[in-house]
Amino acid sequence: QTHIFLVQTPLYYFHYIFFSTMATTADIEDANTSSSAKKNHNKYRRDKPWDNPDIDHWDVKPWDEADGDALPGGRLLEESSFATLFPKYREKYLREVWPLVTRSLDKYKIACELNLVEGSMTVRTTKKTSDPYIILKARDLIKLLARSIPAPQALKILNDDYHCDILKIGGLVRNKERFVKRRQRLIGPDGATLKALELLTQCYILVQGNTVSVMGSYKGIKQVRKVVLECMNNIHPVYNIKRLMIMRELEKDPKLQNESWDRFLPTFKKKNVQRKKPHQVMEEKQKSKTAEGGAAPAAKKKKTYTPFPPAQQPSKIDLQLESGEYFLSERERKAKKMAEKAKKSAEKTEEKRVKREMEFLPPSVLAAAQGTSSSESKPAKKDGNDNEKADVNRLVSKFAKSGKKRKPTFEDNTASFQSDSDPGVLFSSTKKEKKSKKAKK
């Protein structure tokens, strides 16, 4: 039946169906594009009281009950509380200033507690508390007191013009020495850098331990946070201070309020350049090496490039397997180590004993033991012998003047001593002479 229908249906009917479908799809697409272009999200939105261009939404108005500011129902439904711990060294100061803190918080109907047993401070709302945001200000107050900020300064946070932020810088730098250097860089010599930053941002800044406490406006806190974090990332705060000084001057010009300031602000690129050592330092190093070693160090040869990695070094277990120590028991290993230690100590004691004995040997014996004496020591020896001979000649002339019969002179003994390298010959010759004299008597 379908076949018969297709044969009997005229051709213009198919043309009509085809073009009508094309037209409907085009109309749908046009409607979709027009609807997306003219889509109005605020179609069913009612006007609100604050939809007024004259209202400054960034302006923070203080809570004033006289002006009609009041909570719905007259009071807070639930009690809110915040607690923070404080270090042991702050206990004495907090006990002294706590009455002042209590009096200041009583004006805002906030209860506070100092627990010396736990080492904590707590603030909580009461039934009389009317300002719902004041509890967050009280929370910031106890945080600042715990971070060593003086009480008169910390109490300013209760005003609506002041805000605070505590920046944790302890985990930004791994190396402890580097962290201390960068933190000191933020403070500057005699606190000059920190003072300049306070004047430019109109904020109170205190660097204490692993934190930086900041009090001031939102804008100033944002600027201080940027400077502190960049200082911990090895960018000197002086660069940012210079930038802030230029921005402060540009703010005074009303013509530049709606323009970009990028052309006035300096851009500092971080460069990690390997600095060459001065020639003078290199020459001094080479001189010291030649003085110690006796010869100038040979120039380093450039290694030929090979794509293959170096051979793997044997591990501790491999070395133990080679020496057979791996198969020994723990007791045998300890015994072997002790034996090696004892052997080394015995060798060292023997070396020290030989050195001590060498000090008591005469120069001629030392020269014979060491082979040949150095050329530098020879002229010194000659000078010494000449001096000895001059002293001996003086003694001889002295004894010649006196008509007494003299005994064998020191010159004869030194001559025999120099002729024979054995130190015992001198003493043996003198003994023989004494015996011969006794026999004559």
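Residues numbered from 1 in each chain as written. Predicted model: local features only at pLDDT ≥ 70, side-chain atom pairs only at ≥ 80, totals over all residues. Heavy atoms only, no water.

J.: What am I meant to see in the sheet that holds strand β5 (residues 204-208) here?
T.: Sheet strands associate in pairs through backbone hydrogen bonding, adopting either a parallel or an antiparallel arrangement. Within the open sheet, the 3 strands sit side by side as β4-β6-β5. Their pairing is antiparallel. Two strands lie at the open edges of the sheet, namely β4 (163-168) and β5, each paired on one side alone. Strand-to-strand, the axes of this sheet are offset by a mean angle of 15°, without reference to chain direction. Sheet topology places β4 next to strand β6 (residues 211-216); 6 bridges connect them, and they run antiparallel. Each bridged residue has a counterpart across the sheet, and for C164 the counterpart in β6 is M215. (Pairing = 2+ DSSP bridges. Helix = DSSP H or I, 4+ residues; strand = E, 2+ residues; numbered from the N terminus. Axes fitted to C-alpha atoms, helices over the stretch in contact; angles between N-to-C directions.)

J.: Before we go on, may I ask you to explain a nonpolar patch on the surface in this structure?
T.: A surface patch of nonpolar side chains, amounting to about 430 Å² of accessible area, comprises I317, L321, Y326 and F327. Assignment of secondary structure puts L321 in helix α11 (residues 316-323). (Patch = residues over 30% accessible without salt bridge, like charges linked within 9 Å, V, L, I, M, F, W, Y side chains within 5 Å. Areas by Shrake-Rupley, 256 points an atom, 1.4 Å probe, with all protein chains shown as cover. Salt bridge = Lys/Arg side-chain N within 4 Å of Asp/Glu carboxyl O.)

J.: Which parts of the structure should I look at to understand the nonpolar core?
T.: When a protein is soluble and globular, its nonpolar side chains tend to lie buried together. The biggest cluster of nonpolar side chains holds 27 residues, and the ones touching the most others in it are L105, I110, M121, V123, L141 and L145. The set of elements that each furnish at least two residues to this core consists of α3 (91-106), β2 (110-115), β3 (120-125), α4 (134-146) and α5 (151-154). The dominant element in this core, judged by the number of residues it contributes, is α4, at 8 residues. Ranked by size, the runner-up nonpolar core spans 21 residues in total, among them I169, F179, V212 and V214. (Core = buried A, V, L, I, M, F, W, Y, C linked by side-chain atoms within 4.5 Å. Buried < 20%, exposed > 50% of the residue type's maximum accessible area, 1.4 Å probe, protein only.)

J.: What is the right way to read the sheet that holds β3 from this model?
T.: Taking strand neighbours across the sheet as the criterion, the 3 strands line up as β1-β3-β2 in an open arrangement whose pairing is antiparallel. Across the chains shown, the open sheet's two edge strands, defined by having one partner strand only, are β1 (81-85) and β2. Going from strand to strand, the sheet's axes swing by 15° on average, the running direction of each strand aside. With respect to the sheet, α3 is in contact with β2 and β3, its orientation differing from that of β2 by roughly 165°. The strands touched by α4 within the sheet are β1, β2 and β3, with β3 carrying the most contacts at an inclination of about 170°. (Contact = heavy atoms within 4.5 Å.)

J.: How should I be thinking about the packing of helix α8 (residues 218-232) against helix α9 (residues 237-251) in this particular structure?
T.: The description of two packed helices rests on the angle between their axes and on the distance between the axes. Closest axis-to-axis distance for the α8/α9 pair is 9 Å, and the angle between their directions is 155°. As the angle between them shows, α8 and α9 are arranged roughly antiparallel. Where α8 crosses over α9, the two elements pack in a sense that is right-handed. Contact residues: K219, Q223, K226, V227, E230 and C231 in α8; P237, N240, L244 and E251 in α9. Here the contact of α8 with α9 is built from residues that sort into 4 nonpolar, 2 polar and 4 charged. (Parallel < 35°, antiparallel > 145°, perpendicular 65-115°, else oblique. Left-handed = near helix turned anticlockwise from the far one by under 90°. Nonpolar A, V, L, I, M, F, W, Y, C, P; charged D, E, K, R; others polar.)

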